[in-house]
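One-letter residues, chain by chain:
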Amino acid sequence: MSLFVSHGAPTFALEPGLAGPALTELGKRLITPEAVLVVSPHWMTPEIRVGVSGTPETIHDFRGFPAELYDLEYPASGHPDLARTALSLLEAGGWSARADGTRGLDHGAWVPLMHLFPDHSVPVFQVSMPANLDPASAWHLGQTLQPLEHEGVLIVGSGSLTHNLYEVRWGDENTSVYAQEFTDWVRAKVKAGDHQQLIATLEKAPHAQRAHPTTEHFLPLLVAAGAAGEQQPGVLIDGGIEHGVLAMDAFVFQHSA
């Protein structure tokens, strides 16, 4: 199984909206994984790095938010052994990758995990996004990591289904038409298991450039879908649209047998 989650703004940790309770319910239904692997746009590196710390710190990598956000901690353990298995898979798959023993968990990891596994009992490690990642290579990255499913690892791509921060309207409950139309298009492709169209989303979906002025928050969806394989439909977890433009959907993907 793999999972895409929209982590929205850091305030998602304090303001769960629709998405938070839905992720908590999902976490209760899942067979508890041996570890969670998170790919987040808030850790981008020239070459892939794999976090192998046994005690990753909680990184508060944001500014200008309420003080209580900076007091939050997500004290999950790491899983160095499975992280090094991921590193071996990446190297065998032709990726340039190395271990990182000091990196903690950025908010793209710990904020959604506060809802998915609120008791922080499941070990977590991150795999960075290479800076030159594009849609096709994001899909391939997911495919490379897929064998970790057999080790009990839940692969999570954490991004945002829409991510135009220039148009965020804090607290506005009126959904922008363009954000809804983009979201509906992606939902349809995920439901159909149409991986070719999904990979081409940023070229073909309505309002794609407006929904994603930059690509890094969309690519984790392709990592998660790629880990499930071709023609595998995803199951929608409706997260609504927050602050007018931030779609908070999640998708669950089951790998083909």
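The structure presented is a predicted model; accordingly, all values stated were derived computationally and were not measured.

**A word on the sheet that holds strand 6 (residues 124-126)**
If you walk across this open sheet you meet the six strands as 6-2-8-1-12-9, and the pairing is mixed. The sheet is open, and its two borders are formed by strand 6 and strand 9 (234-237), each paired with just one other strand. Along the sheet, successive strands turn relative to each other by an average axial angle of 20°, direction set aside. Lying over the sheet, helix 3 (residues 107-116) contacts strand 1 (2-6), strand 2 (35-39), strand 6 and strand 8 (153-159), oriented at roughly 135° with respect to strand 2.

**Re the packing of aromatic side chains**
Across all of its chains, the model carries seven aromatic pairs by this definition. With a centroid separation of 6.4 Å and 25° between ring planes, the pair formed by Phe4 and Phe251 is classed as stacked. Of this pair, Phe4 sits in strand 1 while Phe251 sits in strand 12 (residues 250-253), and the two are 247 residues apart along the sequence. There is no split in this pair, since Phe4 and Phe251 are both buried. With 6.5 Å between their ring centres and 50° between their planes, Phe251 and Phe253 make a pair best called tilted. Linked through ring pairs, Phe62, Phe65, Tyr70, Trp110 and Trp170 together constitute an aromatic cluster.

**Some thoughts on the side chain of Thr201**
Mapped onto the elements of the fold, Thr201 is located in helix 7 (residues 201-204). Apart from the residues within four sequence positions on either side, Thr201 is in contact with Phe182, Trp185, Val186, Ala208 and Phe218.

**Notes on the environment of Leu89**
Relative to the elements of secondary structure, Leu89 occurs in helix 2 (residues 80-92). For Leu89, a relative accessible area of 23% corresponds to the partly exposed category. With residues near it in sequence (within four places) discarded, Leu89 still touches Thr144, Leu145, Pro147 and Leu148.

**Remarks on the packing of helix 4 (residues 135-145) against helix 9 (residues 219-226)**
Where helix 4 contacts helix 9, the axes come no closer than 6 Å and their chain directions differ by 40°. Classed by the angle they form, the pair helix 4 and helix 9 counts as oblique. Seen along the crossing, helix 4 lies across helix 9 with a hand that is right-handed. Between helix 4, through Pro135, Ala138, Trp139, Leu141, Gly142 and Gln143, and helix 9, the contact on the second element is made entirely by Leu219, Leu222, Val223, Ala225 and Gly226. The residue inventory of the contact of helix 4 with helix 9, partitioned by class, reads eight nonpolar, three polar and no charged.

**Some details on the pairing of strand 5 (residues 97-100)**
Walk down a regular strand and you will see the side chains alternate between the two sheet faces. Note: strand 4 (residues 48-51) against strand 5, four bridges, orientation parallel. Note that in strand 5 the partner of Ile48 across the bridge is Ala97. As for the winding sense of the linkage, the β-α-β connection from strand 4 through helix 2 to strand 5 is right-handed.

Calculation criteria
Residues numbered from 1 in each chain as written. Predicted model: local features only at pLDDT ≥ 70, side-chain atom pairs only at ≥ 80, totals over all residues. Heavy atoms only, no water. Pairing = 2+ DSSP bridges. Helix = DSSP H or I, 4+ residues; strand = E, 2+ residues; numbered from the N terminus. Axes fitted to C-alpha atoms, helices over the stretch in contact; angles between N-to-C directions. Contact = heavy atoms within 4.5 Å. Phe/Tyr/Trp six-rings, centres within 6.5 Å; stacked < 30°, edge-to-face > 60°. Buried < 20%, exposed > 50% of the residue type's maximum accessible area, 1.4 Å probe, protein only. Parallel < 35°, antiparallel > 145°, perpendicular 65-115°, else oblique. Left-handed = near helix turned anticlockwise from the far one by under 90°. Nonpolar A, V, L, I, M, F, W, Y, C, P; charged D, E, K, R; others polar. Right-handed = clockwise from strand over helix to strand, strands pointing away.

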